[in-house]
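Residue-level listing of the chains:
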Amino acid sequence: MKLEPIAITDFTARIFETWDKGWFLLSAGSFADKKFNCMTVSWGMMGTMWNKPIVQVVVRPSRYTFEFIETAPDFTLCAFPEDQRKALSLLGSKSGREGDKIAAAGITPIASSLVTAPCYAEANLVIECRKVFTDAYKPASFIDPDIEKNYGGSNYHHVYYGEVLAIRGN
């Protein structure tokens, strides 16, 4: 599928639906070195921070992808057509520690245009990001007590802000 560059300032999306209902595939690591992993994400944000176009994603330390996003300088977010929903479900429920879940999902990693993390041939939207900030969520900072219900007392997300460097889509 040929993806065309989209100027960052021209990118539009139904952002709440895109995150919650559409899901993204978050990938981190080195495509060239064949050392990367991915996971389906539905929590995150897009906006402007520090005068930069920013994507914010969260990853729990228990996830295999955490090892990659912690050490990688960048990451990608890819969206897929509805016919790839089963693949995204598998990629969000299986660990890359236990085998080649990407091959099992039937998607094809390819080189990104500007970052080391891969994107995927089947994607209909690719967002390439350079990490600019990270921190761990701290329970003492939760103002709304309902937030804690997402954690069960441990395995708090780490947050990553990525400056958007390139967007391609169709």
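Along each chain, the written sequence defines residue order, and numbers are assigned to residues from 1. With the structure being a predicted model, the display of local features is reserved for residues of pLDDT at least 70 and the display and counting of side-chain atom pairs for 80 or more, all residues being used for whole-chain, interface and lining totals. With hydrogens and water set aside, each side-chain value is computed from the structure's full complement of heavy atoms.

A.B. asks: What's the story with the environment of Ile-54 in this structure? I'm lost.
C.D. replies: In this description a helix means any DSSP run of H or I spanning at least four residues, a strand means any run of E spanning at least two, and both kinds are numbered starting from the N terminus. Relative to the elements of secondary structure, Ile-54 occurs in strand 5 (residues 52–59). Spatially, the C-alpha atom of Ile-54 lies 9.0 Å from that of Val-132, the residues being 78 residues apart in sequence. Setting aside residues no more than four positions away along its own chain, Ile-54 makes contact with Met-45, Met-46, Gly-47, Met-49, Val-132, Tyr-161, Gly-162, Glu-163 and Val-164. The contact definition used throughout considers only heavy atoms, calling two residues in contact when any of these lie within 4.5 Å.

A.B. asks: Looking at this structure, I do not really get helix 2 (residues 64–71). What am I missing?
C.D. replies: In an α-helix, one full turn covers 3.6 residues, which means residues spaced three or four apart are oriented alike. Those residues of helix 2 that sit buried are Thr-65, Phe-66, Phe-68 and Ile-69. Looking down the long axis of helix 2, one finds its buried residues gathered within 165° of arc, a one-sided arrangement. Those residues of helix 2 that are buried lie in contact with strand 2 (24–30), strand 3 (35–41), strand 5, strand 6 (74–79), strand 9 (125–136) and strand 10 (158–169). Note on classification: 1.4 Å probe, protein chains only; a residue is buried when its accessible area is under 20% of the maximum for its type, exposed when over 50%, partly exposed between these limits. Arc, as used here, means the arc of the directions from the helix axis to the C-beta atoms.

A.B. asks: Would you explain the environment of Lys-94 in this entry?
C.D. replies: Checked against the element boundaries, Lys-94 lands in the loop between helix 3 (85–93) and helix 4 (101–105). With a relative accessible area of 47%, Lys-94 lands in the partly exposed category. Linking Lys-94 and Gly-153, residues 59 residues apart in sequence, is a C-alpha distance of 23 Å.

A.B. asks: What exactly am I supposed to notice about the pairing of strand 4 (residues 44–49) here?
C.D. replies: Each regular strand carries side chains that alternate between the two faces of the sheet. Two elements, strand 4 and strand 5, share six bridges in a ladder whose sense is antiparallel. Bridging from a neighbouring strand, Gly-47 pairs with Ile-54 of strand 5. Once strand 4 ends, the chain turns through two residues before running back antiparallel as strand 5, passing Trp-50 with a positive phi of about 55°. For two strands to be treated as a pair, DSSP must find no fewer than two bridges joining them.

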